[in-house]
Amino acid sequence: MEKLIEIKDVDKVYGDKVVLDNIDLNVSKGELCTLVGPSGCGKSTLLRLILGMERATRGEVIIEGKNAPRPNKQRGIVFQKYSLFPNLSVFDNVLLAKRMCQSPWASLRSASSDEKDEAMEYLKRVRLEHARDKKPHELSGGMQQRAAIAQALITKPPVLLMDEPFGALDPNTREELQVFLTELWEENNLTIFFVTHDLEEAVFLGTRLLVLSQYYTDDRGDGFDGRGGKIVFDKELKFKGASTEIKDTDEFKKLIKSIKEIGFEPRILQHVKDFNLTHPDSYQTLTEIEHRNSK
Amino acid sequence: MSRFWGMHADVSGWKSKLVGIIPFVILIVVYIYASDARLADNPQDKLLPSFGQMYDAVERMAFTEDRRTGDYLFWKDTGASLFRLGVGVGLAFIFALMVGLNQGLYPGFNAGIGPFVTFVSMIPPLAILPILFISLGVGETAKIALIFIGTAPILTRDVYLAVDKIPSEQKVKALTIGATPAALLYRIILPQTLPRALDSLRLVLGGAWLFLIASEAIAATEGLGYRIFLVRRYMAMDVIIPYVLWITLLGFLFDWILKKLNSSLFGWYREAAK
Ligand SMILES: Nc1ncnc2c1ncn2[C@@H]1O[C@H](COP(=O)(O)OP(=O)(O)O)[C@@H](O)[C@H]1O
Ligand SMILES: [Mg+2]
């Protein structure tokens with residue numbers, strides 16, 4: 001499988017606070033990769049590195065074979081809020097994305113009917129054709145996020161990044177959008193990197209589950225308190241494309257329970273060498289001090 | 001009574017309009033009463049002219065050719081003042097957009113020019129009026145420059161703050177759909193900043209009038225402020241009062257137009273802020 005994102009030995013440090021600690025990660029084309037972890041573990045920070053908003057303190061972040069450039073068309077993004085331009089209607093938001101991605105100044109001449117048709121086609125895909133002339137503030141939270149997805153997808157980014165996109169939605173809308181996103185992913189052969197702190201959401205959505213957590217130990221000793229987030233779990237999931245009923249099965253619940261212990265429980269510390277990193281793309285290169293006194 | 005004066009009074013629609021008129025009515029009644037009393041005492045009194053005298057003055061200034069120059073002085077004054085105000089404030093607005101937008105987007109540019117803009121905005125504009133007259137002469141340039149210097153720094157700072165307030169998500173979003181920095185600035189940030197800039201413009205207009213009248217009072221050959229200070233020598237209150245009312249009306253009108261313009265062009269702005 002072709003690697004879209006390659007992250008090697010990445011640290012991110014703010015001042016003297018280590019946020020990400022020696023992250024290794026590859027993401028292949030076609031994956032719906034979910035990244036979950038307790039709040040403050042560095043999920044958004046990792047996403048910003050992939051997006052090119054910030055640079056790693058150490059290590060390499062590679063997008064399609066090149067050092068991660070500043071934000072550009074290679075990575076689409078949907079944030080939890082502020083993804084849509086508040087001064088434009090839903091239709092114009094999507095249309096602007098379409099025309100901007102062809103040429104930054106294309107949006108100065110009037111839109112061709114092809115461009116309009118395509119924007120409308122994407123609005124249909126996210127089932128918002130009836131709301132085309134509404135401004136973002138006139139939409140419900142769920143509709144806003146659907147519009148933001150259409151706006152991000154119309155530029156056909158190689159990978160779609162999402163940072164807690166459903167985090168501000170009520171539980172019903174949230175579940176509806178989860179199902180909707182898996183359908184979109186399946187029909188359009190998308191590659192999605194999805195960040196959430198909601199474990200159930202991560203397990204339900206992903207074809208691959210990554211757990212980022214600061215609750216682990218290594219041979220720097222248990223008293224070492226400058227520990228940044230690390231990928232402590234990386235596994236293929238088989239719930240993909242399933243209905244929401246899967247959330248009630250024992251298998252689903254068991255996985256959630258075990259990940260809660262691995263990633264979300266400050267008192268349970270797994271050793272770096274015992275992490276479950278069984279996904280085919282997974283790899284781990286530990287520094288010398290992390291496994292100095294190998295057991 | 002408590003229905004009206006109480007904390008929880010329901011004052012809406014025609015009631016609020018009616019109550020709003022009361023102070024005006026009181027002012028007019030008191031004026032007429034005082035004016036009549038003084039004129040009865042001394043028909044030559046100039047301090048509180050009657051409405052009839054003011055009407056005559058307006059007739060003379062606005063609708064009769066000036067004997068010496070053949071101009072309609074009132075309209076000539078209005079035209080001259082509005083020209084200075086328009087050019088000064090217009091240039092300040094354009095300057096504020098150019099500088100404020102770039103300040104908001106480019107940290108380096110902001111670091112370079114931010115402190116200077118703040119410094120200039122601290123200078124009391126009227127204090128440098130003599131400098132402007134000395135260096136730029138007593139013509140139009142100095143007056144326009146005063147209005148510009150008095151309003152541009154505040155407008156610039158406001159535009160910068162408006163850009164700064166736009167969530168960084170918006171900028172990243174624009175870049176991920178392929179915007180270049182220039183396209184980001186003029187296609188994404190400018191439209192979101194304009195409504196706020198128009199609001200600031202309404203606020204600085206009051207100051208702009210002040211600078212205009214002050215500079216006209218000192219050196220001019222025409223203009224609303226010039227006329228008021230000229231006829232002051234003859235205590236011509238019958239001219240001064242209509243001029244002041246006219247200036248007030250113009251100020252009110254511009255404020256109203258800008259407000260309407262803002263809500264019709266950028267309706268999303270107030271709604272989205274809720
Ligand atoms: N720009 C920054 N400067 C300093 N500290 C930061 C910055 N961004 C994030 N952090 C810190 O990094 C940690 C991880 O933040 P974040 O990536 O937002 O976590 P998550 O998205 O997992 O909740 C937090 O403790 C946060 O305070
Ligand atoms: Mg976050």
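Bear in mind the structure is a predicted one, so any value in this text is a computation, not a measurement.

A. Structural detail: the packing of aromatic side chains. Residue and element names in this part refer to chain A. In total, this model carries 10 aromatic pairs over all chains according to the counting rule given. In this structure, Arg-132 packs its charged tip against the face of Phe-91, placed 4.0 Å from the ring centre. Looking at Lys-247, its charged tip hangs above the ring of Phe-204, at a distance of 4.8 Å from the centre.

B. Focus on the interface of chain B and chain A. Across the contact, 21 residues belong to chain B and 30 residues belong to chain A. Counting the surface lost from both chain B and chain A, the interface buries some 2200 Å², and carbon and sulfur atoms represent 72% of this. On the chain B side of the contact with chain A, B:Lys173, B:Ile177 and B:Arg187 bury the most area, a combined 30% of that side's loss. Run the count over chain B and chain A and you get zero salt bridges. Put simply, chain B and chain A have five residue pairs in polar contact (both at pLDDT 80 or more) between them. Listing elements by their share of the side of chain B that touches chain A, those giving two or more residues are α8 (168-176), α9 (181-218) and α12 (267-273) of chain B. With seven residues, α8(B) is the single largest residue contributor to the side of chain B that touches chain A. Grouping the amino acids of the side of chain B that touches chain A by side-chain chemistry returns 12 nonpolar, five polar and four charged.

C. Expanded view of the site of ligand 1. Residue and element names in this part refer to chain A. By nearness alone, every residue bordering ligand 1 is listed as Tyr-14, Lys-17, Val-19, Ser-39, Gly-40, Cys-41, Gly-42, Lys-43, Ser-44, Thr-45 and Arg-48. Taking Gly-40, its main chain carries an N or O atom lying 2.7 Å from an oxygen atom of ligand 1. One of the side-chain nitrogen or oxygen atoms of Arg-48 is found 3.2 Å away from a nitrogen atom of ligand 1. Counting only elements with at least two residues in the shell around ligand 1, the list comes to β2 (17-28) and α1 (43-51). Among the elements that make up the shell around ligand 1, the one with the highest residue count is α1 (four residues). Its residues placed into classes, the shell around ligand 1 shows three nonpolar, five polar and three charged.

D. Region of interest: empty space enclosed by the protein. This model, assessed by the stated rule, comprises two cavities of 30 Å³ or more. Its volume calculated, the largest cavity comes out at about 100 Å³. Lining the largest cavity, in full, are A:Asn22, A:Ile23, A:Asp24, A:Leu25, A:Lys230, A:Ile231, A:Asp234, A:Leu277, A:Ser282, A:Tyr283 and A:Gln284. Contributing elements (two or more residues each) for the lining of the largest cavity: β2 and β11 (230-236) of chain A. At four residues, the largest contribution of residues to the lining of the largest cavity is made by β2(A). Looking at the lining of the largest cavity residue by residue, the class counts come to five nonpolar, three polar and three charged. Of the voids in this model, the second largest cavity is the one considered here, and its volume is about 30 Å³. Along its surface, the second largest cavity is lined by B:Ala57, B:Val58, B:Met61, B:Phe74, B:Asp238, B:Val239, B:Pro242 and B:Tyr243.

How each quantity is defined
Residues numbered from 1 in each chain as written. Chains lettered and ligands numbered in written order. Predicted model: local features only at pLDDT ≥ 70, side-chain atom pairs only at ≥ 80, totals over all residues. Heavy atoms only, no water. Phe/Tyr/Trp six-rings, centres within 6.5 Å; stacked < 30°, edge-to-face > 60°. Lys NZ or Arg CZ within 6 Å of the ring centre and 35° of its normal. Contact = heavy atoms within 4.5 Å. Buried area = accessible area lost by both parts, 1.4 Å probe. Salt bridge = Lys/Arg side-chain N within 4 Å of Asp/Glu carboxyl O. Polar contact = N/O pair within 3.5 Å; in protein donor to acceptor, adjacent residues only side chain to side chain. Helix = DSSP H or I, 4+ residues; strand = E, 2+ residues; numbered from the N terminus. Nonpolar A, V, L, I, M, F, W, Y, C, P; charged D, E, K, R; others polar. Near = heavy atom within 4 Å. 1 Å grid on protein atoms, 1.4 Å probe; cavity = no way out; pocket = protein on both sides within 12 Å on 5 of 7 lines; lining within 4 Å. Points joined across faces, edges and corners; volume = space filled by probe spheres on them.

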